[in-house]
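Below, each chain spelled out in residue letters.
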Amino acid sequence: MNLTQEDWIAQFESDENAVILDVRTAMEFEEGYIAGAINFVADLETLDKSKNYYVYCRSGARSANACAIMNELGFENTYNLLGGIIEWDGDIVEP
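In this text the structure is predicted, and so the values were computed from the model without any measurement.

Procedures and definitions
- Residues numbered from 1 in each chain as written.
- Predicted model: local features only at pLDDT ≥ 70, side-chain atom pairs only at ≥ 80, totals over all residues.
- Heavy atoms only, no water.
- Buried < 20%, exposed > 50% of the residue type's maximum accessible area, 1.4 Å probe, protein only.
- Helix = DSSP H or I, 4+ residues; strand = E, 2+ residues; numbered from the N terminus.
- Pairing = 2+ DSSP bridges.
- Right-handed = clockwise from strand over helix to strand, strands pointing away.

### Thoughts on the pairing of strand S4 (residues 52–56)
Now for step 1: In terms of residue burial, S4 counts as a mostly covered element, since 5 of its 5 residues are buried.
Now for step 2: Residues of S4 alternate between two faces, with Asn-52, Tyr-54 and Tyr-56 on one and Tyr-53 and Val-55 on the opposite face, all of them buried.
Now for step 3: Where strand S2 (residues 18–22) lies against S4, 5 bridges are found, and the strand directions are parallel. Bridge pairing in S4 links Val-19 to Tyr-53.
Now for step 4: Of the pairings in the sheet, the one linking S4 to strand S5 (residues 78–81) comprises 3 bridges and is parallel in character. Residue pairing across strands places Tyr-53 opposite Thr-78, the latter belonging to S5.
Now for step 5: For the handedness criterion, the β-α-β arrangement of S4, helix H3 (residues 61–72) and S5 is classed as right-handed.

And the structure:
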């Protein structure tokens, strides 16, 4: 499901079963990421399918793809951040 930044944040903050998933490359992740995010580019099958995944990338395209693939693999709750991190208004952690 595609969510605007406002909806993505509101839903994430009230979700006790949430995981923020950054599907950008490790190099992109090192440039800065949304607080609490894990950078994940390995086998999706290793993730816990009972969690709710809030997924983002640079612009929203890769994360939309990741959500579609995850849904096909049996993940029930995946939420794509429309506009990605380039349109993110919130804080960004810089390693």
